[in-house]
Amino acid sequence: MTDAAAGGRRLLIHDLEQLATPAGSGSPLRGRDLGAVDVVEGAYVLCRDGRIEAVGRMRDLVAPDGEVEELDGRGLCAIPGLVDCHTHACFAGDRVEEFALRAAGASYEELHAAGGGILSTVRATRGAGEDGIRRELRRHREWMLRAGTTTFEAKSGYGLDHQTELASLHAIRDEGGVPTFLGAHAVPPEFDSADSYLDWLVPEVLPDAAELAEAADVFVEQGAFDVDQARRYLSEARRRGLELRLHADQFTEAGGLQLGVQLRARSVDHLEATGEHGVRALGESDVCAVLLPASALFLDRPMPPARQLVDAGAVVALATDFNPGSAFCESLPVVASLACTQLHLSPAEALTAMTVNAAHVLARADRKGRLAPGYDGDVVLLDAPDWRHLAYHLAGDVVAAVVQGGKTAWRR
Ligand code: NIG
Ligand code: FE
């Protein structure tokens, strides 16, 4: 037997400037706990067989015997692999034309109402076919990885027909993503109302989607789906074993937040329009508030009331919302910068919100989101002397390497 076989496959990241990881072992983290991050100066991380075996100070490192791959951490800081718990990464084409129109004054809702917006990406995604969808998703996944995302959720919702919705969910699973069924994203042109679309979607697509997806999501908004329609769709999704998520309060307070709380959904996402009542309701519930400041920035909207939510005791996570229309941004480090400059969160709160709490949204907090023994060997190495450069270096080239499952997945 070789040493490697006896000891398992090992990777030692040594001589790190710092290692930063959310403190404790519980999840989700809320209130004061959100900002509790343990920092170790002069640190190492040892992975074995895809998991973290040990972390600590270099001076306490007991040199592992046998064959060990080494990664030199000098000049670098380690944080947990980032978890992007809200993306629409499964799309074809782009919307750069609309981006230019919006720059000239058109609004997102006007473009949507005129048959552009989400529906223009639906046309492109349907047209790409199964292979095209896979190819595009793989490309987007690579972008996310380079930005430090080692775990990503992705939604369907650009098919809105049986074949393309299912192809999207298959592709997301095959690319290692966490699949969410967003059949209720928009009403496709074949249907003349949201009700008639749901009359078809719920019996014809949802049962098959439920075999592939982990959660169902719905866009609750004027011009998309109302509360009664969302309740009907989500109730059936739950009956089929899916977790529930909602796009809520993006443009108006259309009741999605209250419905999410009532149904004990896993999360309500966006919340740019959420007022005091909504903040209080989330403070008293276990439903996670997933905040997407890149989307608010991209559409020139008010930022969600992040500080109020954290101070009210709500469970807060951060994500990119990566999609071609409202947030063409795959970078969680950029989101961390926005969290600190626009949402008034601390770098520590931002880190926890895109690691432990994002993993909680995806029901993976027992093995994702921390640098601690037993967790998956997912590590981001930052090219910085202090881990807070994650947020400080606005749109900087801050990610030096990404380790996923104990292997180097990307290195610049
Ligand atoms: O989360 N608001 C609904 N869905 C997406 C945007 C999708 C798109 O514009 O293509 C969002 O912002
Ligand atoms: Fe979204």
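Calculation rules
Residues numbered from 1 in each chain as written. Chains lettered and ligands numbered in written order. Predicted model: local features only at pLDDT ≥ 70, side-chain atom pairs only at ≥ 80, totals over all residues. Heavy atoms only, no water. Donors = N, O, S within 2.8 Å, 3.2 Å for Na, K, Ca; no water. Helix = DSSP H or I, 4+ residues; strand = E, 2+ residues; numbered from the N terminus. Buried < 20%, exposed > 50% of the residue type's maximum accessible area, 1.4 Å probe, protein only. Near = heavy atom within 4 Å. Polar contact = N/O pair within 3.5 Å; in protein donor to acceptor, adjacent residues only side chain to side chain. Areas by Shrake-Rupley, 256 points an atom, 1.4 Å probe, with all protein chains shown as cover. 1 Å grid on protein atoms, 1.4 Å probe; cavity = no way out; pocket = protein on both sides within 12 Å on 5 of 7 lines; lining within 4 Å. Sits in = over half its atoms within 2 Å of the grid points. Nonpolar A, V, L, I, M, F, W, Y, C, P; charged D, E, K, R; others polar. Core = buried A, V, L, I, M, F, W, Y, C linked by side-chain atoms within 4.5 Å. Axes fitted to C-alpha atoms, helices over the stretch in contact; angles between N-to-C directions. Parallel < 35°, antiparallel > 145°, perpendicular 65-115°, else oblique. Contact = heavy atoms within 4.5 Å. Points joined across faces, edges and corners; volume = space filled by probe spheres on them. Pairing = 2+ DSSP bridges. Phe/Tyr/Trp six-rings, centres within 6.5 Å; stacked < 30°, edge-to-face > 60°.

Draft legend 1. Structural view of the coordination of the iron ion (ligand 2). Looking at the iron ion (ligand 2), one finds its protein donor set to be His86 (NE2), His88 (NE2), His247 (NE2) and Asp321 (OD), positioned 2.1 to 2.2 Å from the metal centre. On the primary sequence, the residues serving as donors to the iron ion (ligand 2) are separated as H-x1-H-x158-H-x73-D. Pair noted here: His88 is in the loop between β6 (82–84) and α2 (96–103) and Asp321 is in the loop between β13 (315–318) and α13 (332–341), with a separation of 233 residues, a long-range link. The two residues His88 and Asp321 agree in class, both being buried.

Draft legend 2. Looking closely at the site of ligand 1. Around ligand 1 sit 15 residues, and of these Arg95, Tyr108, Tyr158, Gln250 and Ser326 come closest. Take Arg95: an N or O atom from its side chain is 2.8 Å from an oxygen atom of ligand 1. Between ligand 1 and the protein, one listed contact pairs a nitrogen atom with a side-chain N or O atom of His185 at 2.8 Å. In the complex, the protein chains occlude 100% of the 330 Å² of accessible area that ligand 1 would expose alone. When atom positions are compared with the pocket grids, ligand 1 is found to occupy the largest cavity. Its residues assigned to classes, the shell around ligand 1 shows 4 nonpolar, 9 polar and 2 charged.

Draft legend 3. Expanded view of the nonpolar core. Within the largest apolar cluster, 98 residues are counted, with the highest numbers of intra-cluster contacts made by Tyr233 and Leu318. By size, the runner-up hydrophobic cluster in this structure holds 19 residues, among which are Leu11, Ala43, Ala372 and Ala400.

Draft legend 4. Representation of the packing of helix α4 (residues 118–146) against helix α5 (residues 162–174) within the structure. It is the contact of α4 with α5, at a shortest axis distance of 9 Å, that shows an interaxial angle of 5°. In terms of orientation, α4 and α5 fall into the roughly parallel class. On α5, the residues touching Thr125, Arg126, Glu130, Ile133, Arg134 and Leu137 of α4 are Thr164, Ala167, Ser168, His170, Ala171, Ile172 and Asp174. Residue composition of the contact of α4 with α5, by class: 5 nonpolar, 4 polar and 4 charged.

Draft legend 5. The arrangement of the packing of helix α6 (residues 194–204) against helix α8 (residues 227–239) in detail. Taken N-terminus to C-terminus, the directions of α6 and α8 make an angle of 5°; their axes are 11 Å apart at the nearest point. Taken as axis vectors, α6 and α8 run roughly parallel relative to one another. Residues Ala194, Asp195, Leu198, Asp199, Leu201 and Val202 of α6 touch α8, and the partners they reach there are Gln229, Arg232, Tyr233 and Glu236. The residue makeup of the contact of α6 with α8, split by class, is 5 nonpolar, 1 polar and 4 charged.

Draft legend 6. Spotlight on empty space enclosed by the protein. Within this structure, the stated rule accounts for 2 cavities of 30 Å³ or more. In this structure, the largest cavity encloses a volume near 90 Å³. Together, 13 residues line the largest cavity, and His88, Tyr108, His185, Asn323 and Ser326 are the ones closest to its centre. A per-class count over the lining of the largest cavity returns 4 nonpolar, 7 polar and 2 charged. Taken as a whole, the second largest cavity encloses approximately 50 Å³ of empty space. As for the second largest cavity, its lining consists of Gly81, Val83, Thr150, Thr151, Arg367, Lys368, Gly369, Arg370, Tyr375, Asp376 and Asp378. Each residue belonging to the lining of the second largest cavity can be placed in one class, and the counts come to 2 nonpolar, 4 polar and 5 charged.

Draft legend 7. Region of interest: the environment of Gly313. The residue Gly313 is located in the loop between α12 (306–311) and β13 in this model. The class of Gly313 is buried, set by a relative accessible area of 17%. Taking the C-alpha atoms as reference points, Gly313 and Ser285, separated by 28 residues in sequence, lie 8.9 Å from one another. Beyond its immediate sequence surroundings of up to four residues, Gly313 is in contact with Arg30, Gly31 and Gly283.

Draft legend 8. Broad picture of the sheet that holds strand β9 (residues 215–219). Taken in spatial order, the 8 strands of this open sheet run β6-β7-β8-β9-β10-β11-β12-β13, and their pairing is parallel. Every interior strand has two partners, whereas the edge strands, β6 and β13, have only one. Neighbour to neighbour, the strand axes of the sheet diverge by 25° on average, direction disregarded. Strand direction decides the pairing type here: strand β11 (residues 267–270) and strand β12 (residues 288–291), joined by 3 bridges, are parallel. Opposite Ser267, over in β12, you have Cys288 as the bridge partner.

Draft legend 9. Up close: the packing of aromatic side chains. Here the structure, examined in full by the defined rule, presents 12 aromatic pairs. An aromatic cluster is built from Phe91, Trp143, Tyr158, Phe322 and Phe328, whose rings are joined through pairwise contacts.

Draft legend 10. Seen up close, the pairing of strand β1 (residues 10–22). Most of β1 is tucked away, with 11 of its 13 residues classed as buried. Here 10 bridges tie β1 to strand β2 (residues 37–48), and the two strands are oriented antiparallel to one another. Within the sheet, the bridge partner assigned to Ile13 lies in β2 and is Val45. In this sheet, strand β4 (residues 69–72) lies alongside β1 in parallel orientation, the contact comprising 4 bridges. Across the sheet, the residue bridging to Ile13 is Leu71, located in β4.

In short, the description is geometric, and any link to function would need to be established separately.
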